[in-house]
Protein chains: 2
Amino acid sequence: MDKKFIENSFKELQNSICSQLEQADGKAKFAEDIWQREEGGGGITRIIQKGNVLEKGGVLFSAVFGKTPDKIIQALQIPQSDFYATGVSIVLHPSNPWVPIIHMNVRYFEMSNGLCWFGGGIDLTPHYIDKEEAAFFHSNLKQVCDKHNKEYYPNFKKWADDYFFIKHRNETRGVGGIFFDRLTATESISIEQRFDFVLDVGKTFAPVYCEIINKKKEKPYTEKEKIWQKIRRGRYVEFNLVYDKGTKFGLDTNGRTESILMSLPPEVNWEYNFKPEKNSKEEETLNLLKKDINWI
Amino acid sequence: MDKKFIENSFKELQNSICSQLEQADGKAKFAEDIWQREEGGGGITRIIQKGNVLEKGGVLFSAVFGKTPDKIIQALQIPQSDFYATGVSIVLHPSNPWVPIIHMNVRYFEMSNGLCWFGGGIDLTPHYIDKEEAAFFHSNLKQVCDKHNKEYYPNFKKWADDYFFIKHRNETRGVGGIFFDRLTATESISIEQRFDFVLDVGKTFAPVYCEIINKKKEKPYTEKEKIWQKIRRGRYVEFNLVYDKGTKFGLDTNGRTESILMSLPPEVNWEYNFKPEKNSKEEETLNLLKKDINWI
């Protein structure tokens, strides 16, 4: 596939998502940092902070290329070659604890030896799990998956459950979503069809999240609920710094630290051995942080 | 060496440190959790929270044994065998941003094949670097090192600079201290002499930190200084979750999560691309977060 076409589509996706999010927020605007990568390429980092709805978050575009970092060469067990990678990455931390944290990523990777693939996913991390909201979220993901391939949703939903898992807490990060990687062309699926799917995933993100925002953003909350949110944000930090492959890879390969760590939340709290009250809604959420729940 | 003797000395060290810290805090008391490890051994986790001086911290003792985890076997490239490990670990987060964060660890490790060694260290992480305080801290470490071996301080000071380094920020964690690992018996140093040194390091911790506390605990601070503290605490989280070998090893080998992550601070903040004002004391601190500074 023409990589410039993919790159431009991702750039447009970033623009479109930012304008939808600014509208949903109603106050804050994205600030933009354009950066160059010494070894080749660069990116457009857009950050929103202290909004009505969005306390902190980023919508990042990048397109980088050059000599493939040794870490990838080793991981893929391939000979030394050049690479090209482009993608859009999003993490949003709302101020209202009733509004969930969301993450989305779409990416394309190409090696000079001809190997190329798409990866990505969307997952939702509510501070308080709302089963109806989780069902709405997953239904929308299933719909975009089914449009392209009936096997996508069940496979990628399971992949997300396995990937967004905080092993040392024995908890999923949230209600999951979809996750996929190394989607290459096969005998029955062309690389163009993979791209169409990935772009559709990207376009699903903003309308779905904005609808969730609009349902919850005015819901009043207490100090206790805000504290719970800060503790749950701590789990998000633990996942991203201990397990997330994109974060680790970025830090290992000398990526732009401030862009990579835009995913970390504002105002986080760790309290030793915090246990929610019996039969509280906090406990109910903890009990739902499990793999293999059919939310739909 | 008799491991029961080492174990009991470490337990006494925990007791002595806790009582000195409670006295320095003047308000909060340590709460104790005694835990068993399914595969063998257990520990005594002591946590202090919401004190006059100490906002959150832990002084942990453990003595665990059993089949050596595969991760260690692989790392050491040795045949499968049993292990025994005992140690004391401390991280303290003060509420006053003028009081530095401190970390101390002493540990003993023994394999059924006869291999055994000591490890440990102390390092100081001021939110605001005070050169006089750093000199006082390092002088005390040098003194305890020199008492045992003139090569210890220069070697272990450099080891700490290299170990407590946040690569993706290009910053040291703080003003360093001493760090050492795999101190086995040699032709000229017996394992008993190694133990005497390690125990002396452990005993140096409380009086030195309490003196630092007493000098700074009443110093008034502003909201701005508190925000800076929360941002610096974020760096502490980044180090511990991304680089710290003890944390990674504990999480990997199914250790007691709440004890391992007691090192994480309360009330942390991440702000995108935060830059201190030119010529501010925050900037001055950043400029001093470098390796190879001779603080004495």
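Structure: above.
Residues numbered from 1 in each chain as written. Chains lettered and ligands numbered in written order. Predicted model: local features only at pLDDT ≥ 70, side-chain atom pairs only at ≥ 80, totals over all residues. Heavy atoms only, no water.

**Q** Honestly, the overall build of chain A in this entry has me stumped. Any pointers?
**A** Counting its regular elements, chain A contains 9 helices and 9 strands. For 296 residues, the compact-globule formula gives about 19 Å, and the C-alpha radius of gyration of chain A, at 19 Å, lands near that figure. The buried share among the 296 residues of chain A stands at 61%. Restricting to contacts in chain A with at least 6 residues of sequence separation, those with at least 24 account for 67%. Carbon together with sulfur atoms contributes 49% to the accessible area of chain A, which is approximately 12,800 Å² in total. (Helix = DSSP H or I, 4+ residues; strand = E, 2+ residues; numbered from the N terminus. Rg over C-alpha atoms; globule rule 2.2 N^0.38 Å. Buried < 20%, exposed > 50% of the residue type's maximum accessible area, 1.4 Å probe, protein only. Contact = heavy atoms within 4.5 Å. Areas by Shrake-Rupley, 256 points an atom, 1.4 Å probe, with all protein chains shown as cover.)

**Q** What is the right way to look at the pattern of salt bridges in this model?
**A** Working definition: two side chains of opposite charge can pair if their charged atoms are close together. Enumeration over the complete set of coordinates arrives at 53 salt bridges over all chains. Arg169 of chain B is the partner of Glu258 of chain A in a salt bridge, and the nearest nitrogen-oxygen pair spans 2.8 Å. Note that Glu258 of chain A is positioned in helix α8 (residues 257-260) and Arg169 of chain B in the loop between β7 (165-166) and β8 (171-172), a pairing that runs across two chains. Residue Arg37 of chain B is joined to Glu39 of chain B by a salt bridge in which the shortest nitrogen-to-oxygen separation is 3.8 Å. Several salt bridges share partner residues, and in doing so they unite Glu55, Lys226 and Arg233 of chain A into one network. (Salt bridge = Lys/Arg side-chain N within 4 Å of Asp/Glu carboxyl O.)

**Q** Got a minute to help me understand the interface of chain B and chain A in this structure?
**A** Interfaces are often sized by the accessible area lost when the parts come together. Between chain B and chain A, the contact holds 33 residues from the first and 33 residues from the second. By the criterion of area lost to chain A, the three top residues of chain B are Glu258, Trp270 and Tyr272 of chain B, representing 28% of everything that side buries. Scanning the region where chain B abuts chain A turns up 2 salt bridges. Sorting the residues of the side of chain B that touches chain A by element identifies β2 (41-49), α6 (223-242), α7 (245-252) and α8 (257-260) of chain B as the ones contributing at least two each. A total of 5 residues in the side of chain B that touches chain A trace back to one element, the largest contributor, which is α6 of chain B. Considering only residue class, the side of chain B that touches chain A consists of 13 nonpolar, 7 polar and 13 charged. (Buried area = accessible area lost by both parts, 1.4 Å probe. Nonpolar A, V, L, I, M, F, W, Y, C, P; charged D, E, K, R; others polar.)

**Q** Can you walk me through the sheet that holds strand β1 (residues 31-36) of chain A in this structure?
**A** Within a sheet, each strand pairs with its neighbour through backbone hydrogen bonds, oriented either parallel or antiparallel. All names here are of chain A. Strand order in this open sheet of 7 strands is β1-β2-β3-β4-β5-β6-β9, and the pairing throughout is antiparallel. The open sheet terminates on both sides in strands that have one partner only, identified here as β1 and β9 (176-183). Geometrically, the sheet is characterised by an average inter-axis angle of 5 degrees between neighbouring strands, direction not taken into account. Contacts between helix α5 (residues 191-216) and the sheet are confined to β3 (54-67), β4 (82-94), β5 (101-111), β6 (116-125) and β9, with β6 contributing the most and set at about 20 degrees to the helix. Here helix α6 (residues 223-242) sits on the sheet and contacts β3, β4, β5 and β6; the angle it forms with β4, its principal contact strand, is near 165 degrees. (Pairing = 2+ DSSP bridges. Axes fitted to C-alpha atoms, helices over the stretch in contact; angles between N-to-C directions.)

**Q** Please clarify how the sheet that holds strand β5 (residues 101-111) of chain B should be interpreted in this entry.
**A** Residue and element names in this part refer to chain B. Read across the open sheet, the 7 strands follow the order β1-β2-β3-β4-β5-β6-β9; overall the sheet is antiparallel. Since the sheet does not close on itself, it has two edges, and those belong to β1 (31-36) and β9 (176-183), each with one partner. Strand after strand, the sheet turns through a mean of 5 degrees between neighbouring axes, direction not considered.

**Q** Where do I start with helix α5 (residues 191-216) of chain B in this structure?
**A** Taking 1.5 Å as the rise per residue, α5 of chain B with 26 residues should run 38 Å; its terminal C-alpha atoms sit 38 Å apart, in good agreement. If you look at α5 of chain B, its biggest bend is around 25 degrees, right at Phe205 of chain B, and the proline Pro207 of chain B turns up within four residues after that. (Expected span 1.5 Å × (residues − 1). Bend = angle between axes of the 7 residues up to and from the residue.)

**Q** Teacher, can you tell me more about the packing of helix α3 (residues 131-148) of chain A against helix α4 (residues 152-163) of chain A here?
**A** The relative placement of two packed helices comes down to the angle between their axes together with the axis-to-axis distance. All names here are of chain A. Put simply, α3 and α4 touch, their axes get as near as 8 Å, and they point 130 degrees apart. Comparing their axes, α4 and α3 come out oblique. When α3 is examined against α4, the residues His138, Leu141, Lys142, Cys145, Asp146 and His148 are found in contact with a partner set consisting of Tyr152, Tyr153 and Lys157. Taken together, the residues of the contact of α3 with α4 sort by class into 4 nonpolar, 2 polar and 3 charged. (Parallel < 35°, antiparallel > 145°, perpendicular 65-115°, else oblique.)

**Q** Looking at this structure, how should I read the packing of helix α1 (residues 3-25) of chain A against α5 of chain A?
**A** Residue and element names in this part refer to chain A. It is the contact of α1 with α5, at a shortest axis distance of 10 Å, that shows an interaxial angle of 5 degrees. The angle between α1 and α5 falls in the class roughly parallel. Along its contact with α1, which presents Phe5, Ile6, Ser9, Phe10, Leu13, Ile17, Gln20, Leu21 and Ala24, the element α5 presents Phe195, Val198, Leu199, Gly202, Lys203, Phe205, Ala206, Pro207, Tyr209, Cys210 and Ile213. For the contact of α1 with α5, the per-class residue count stands at 16 nonpolar, 3 polar and 1 charged.

**Q** Got a minute to help me understand the packing of aromatic side chains in this structure?
**A** Evaluation of the coordinates by the stated rule reveals 48 aromatic pairs over all chains. Geometrically, the ring pair formed by Tyr128 of chain B and Trp228 of chain B is tilted, given 6.4 Å between the ring centres and 40 degrees between the ring planes. Linking Tyr128 of chain B in the loop between β6 (116-125) and α3 (131-148) with Trp228 of chain B in helix α6, this pair joins segments that are 100 residues apart in sequence. Both residues of the pair, Tyr128 of chain B and Trp228 of chain B, belong to the buried class. Between Tyr152 of chain B and Phe197 of chain B the ring centres are 4.4 Å apart and the planes differ by 45 degrees, which places this aromatic pair in the tilted class. Residue Tyr152 of chain B is found in helix α4 (residues 152-163), and its partner Phe197 of chain B is found in helix α5; the two are separated by 45 residues along the sequence. Comparing Tyr152 of chain B with Phe197 of chain B shows no difference in burial state: the two are buried. Every member of this aromatic cluster is reached through a ring pair, and the members are Tyr152, Phe156, Trp159, Tyr163, Phe164, Phe179, Phe180, Phe197, Phe239 and Tyr243 of chain A. The side chain of Lys3 of chain B reaches across the aromatic face of Tyr84 of chain B, ending 5.3 Å from its centre. (Phe/Tyr/Trp six-rings, centres within 6.5 Å; stacked < 30°, edge-to-face > 60°. Lys NZ or Arg CZ within 6 Å of the ring centre and 35° of its normal.)

**Q** I would appreciate a short explanation of the relation of the copies chain B and chain A in the present structure.
**A** Superposing the two chain copies requires a rotation about an axis and a translation along that axis. Mapping chain B onto chain A leaves a residual RMSD of 0.0 Å; the transformation is a rotation of 180 degrees accompanied by 0.0 Å of translation along its axis. A rotation of that kind, with that shift, is consistent with a two-fold axis. The rotation axis passes nearest to the C-alpha of Val268 of chain B in chain B, at a distance of 2.5 Å. (Least-squares fit on C-alpha atoms with pLDDT ≥ 70 in both.)

**Q** Looking at this model, I keep getting lost on the pairing of β1 of chain B. Mind explaining?
**A** The side chains of a regular strand alternate, residue by residue, between the two faces of the sheet. Residues and elements named next belong to chain B. The pairing of β1 with β2 spans 6 bridges and is antiparallel. Within the sheet, the bridge partner assigned to Ala31 lies in β2 and is Ile47. Hairpin geometry of β1 and β2 is characterised by an intervening segment of 4 residues between the two adjacent antiparallel strands and by a positive phi of about 140 degrees at Gly40.

**Q** Got a minute to help me understand unusual backbone geometry in this structure?
**A** When glycine is set aside, most residues are seen to have a negative phi, and most peptide bonds are trans. Residue and element names in this part refer to chain B. The backbone of Asn170 sits at a positive phi, close to 50 degrees, despite the residue not being glycine. When you line up the elements, Asn170 lands in the loop between β7 and β8. What makes Asn170 exposed here is its relative accessible area of 57%. Not every positive phi belongs to a glycine, and Asn279 is a case in point at roughly 60 degrees. Classification of Asn279 as exposed rests on a relative accessible area of 72%.

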